[in-house]
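Here is what each chain is made of, one letter per residue.
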Amino acid sequence: QVRLVESGGGLVQAGGSLRLSCAASGRTFSAYAMGWFRQAPGKEREVVAAISRSGGSTSYADSVKGRFTISRDNAKNTVLLQMNSLKPEDTAVYYCAAGTPFTFTQIMIHSDEYDYWGQGTQVTVSS
């Protein structure tokens, strides 16, 4: 069982930056692949970024490549999402998720691959 708590959301102007943090409680955080997803009003939840158990492999949605960076610290049971050059279209509720991969290097980009979800944090980017 893993409990995930996101923080760091807020209101920012276009071009600004935010850093989201996801704190995980429970044992063996390093056994989980992690992901960040977002859901805007009226839209389906979509993957933003994902990271493997060790942090050695990452994947990004095309819409955020070059602007967002996902990282994890297994010693601190945290996963971060650094968001730079934010755009109004990045406005959404952002969710942290954890899932059990088949391999050490596997990255999971589909929401149905994840077993645990945080409550979400709102990110609003004004134009």
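Because the structure is a prediction, the values reported are computed rather than measured. In this numbering scheme, every chain counts its residues from 1 along its sequence in written order. A pLDDT threshold of at least 70 governs which residues receive local features in this predicted model, and a stricter bar of 80 or more applies before side-chain atom pairs are shown or counted, although totals over entire chains, interfaces and linings include all residues. To get the side-chain values, all heavy atoms of the structure are used, and hydrogens and water are removed first.

**Some remarks on the state of the cysteines**
What is meant by a disulfide is a covalent connection between two cysteines, made through their sulfur atoms. Short version of the rule: Disulfides are defined as cysteine sulfur pairs within 2.5 Å. Secondary structure elements follow DSSP: runs of H or I no shorter than four residues count as helices, runs of E no shorter than two count as strands, and numbering proceeds from the N terminus.
Tallying each qualifying case throughout the model produces one disulfide. Two residues, Cys22 and Cys96, share a disulfide whose sulfurs are 2.1 Å apart. Judged by the sign of its S-S torsion, about -75 degrees, the bond between Cys22 and Cys96 is left-handed. Placement of the pair is Cys22 in strand E3 (residues 18-25) and Cys96 in strand E9 (residues 92-99), with a sequence separation of 74 residues.

**So, unusual backbone geometry**
Put simply, the rule is: Throughout this description, buried means an accessible area under 20% of the type-specific maximum (1.4 Å probe, protein chains only), exposed means over 50%, and partly exposed covers the range between.
With a phi angle near 55 degrees, Asn77 is a residue other than glycine that sits in the positive phi range. Tracing the chain through its elements places Asn77 in the loop between strand E7 (68-73) and strand E8 (78-83). Even without being glycine, Ser85 reaches a positive phi, approximately 50 degrees. The exposure class assigned to Ser85 is partly exposed, which follows from its relative accessible area of 40%.

**Structural notes on the pairing of strand E11 (residues 121-126)**
Our working definition: Two strands pair under a simple rule: DSSP has to find at least two bridges between them.
Of the two faces of E11, only one is covered, namely that formed by Thr121, Val123 and Val125; the face formed by Gln122, Thr124 and Ser126 stays uncovered. Inspection of the sheet shows strand E2 (residues 10-13) paired to E11 by four bridges, in the parallel sense. The residue bridging Gln13 from the neighbouring strand is Ser126, located in E11. Relative to E11, E9 is paired through three bridges, and the arrangement is antiparallel. Across the sheet, the residue bridging to Tyr94 is Thr121, located in E11.

**Notes on the sheet that holds strand E1 (residues 3-7)**
Stated formally: Between the N-to-C directions of two axes lies an angle of 0 to 180 degrees, each axis being a line fitted to C-alpha atoms and, for a helix, fitted only over the stretch in contact.
Taken in spatial order, the four strands of this open sheet run E1-E3-E8-E7, and their pairing is antiparallel. Strand pairing shows two members of the sheet lacking a second neighbour, E1 and E7, which therefore form its edges. Across the sheet, the mean angle separating the axes of adjacent strands is 15 degrees when strand polarity is ignored. As defined by bridge partners, E3 adjoins E8 across six bridges and the pair is classed as antiparallel. The residue of E8 that forms the bridge with Leu20 is Leu81.

**A few points about the packing of aromatic side chains**
Here is the rule: Note on aromatic contacts: the rings of Phe and Tyr and the six-membered ring of Trp form a pair at centre separations within 6.5 Å, being stacked when their planes are under 30 degrees apart, edge-to-face when over 60 apart, and tilted otherwise. Throughout this description, the term charge over a ring refers to an Arg CZ or Lys NZ atom that lies within 6 Å of the ring centre and within 35 degrees of the ring normal.
For the structure shown, the criterion picks out four aromatic pairs. Following the ring pairs from residue to residue traces out a cluster consisting of Phe37, Tyr114 and Trp117. Positioned above the aromatic ring of Tyr95 is the side chain of Arg45, whose terminal nitrogen or guanidinium carbon lies 4.0 Å from the ring centre. Positioned above the aromatic ring of Phe29, the side-chain terminus of Arg72 is 4.6 Å from the ring centre.

**A closer look at the pairing of E8**
Here E7 runs beside E8; their pairing, made up of six bridges, is antiparallel. Bridge assignment links Ile70 to a residue of E8, and that residue is Leu81.

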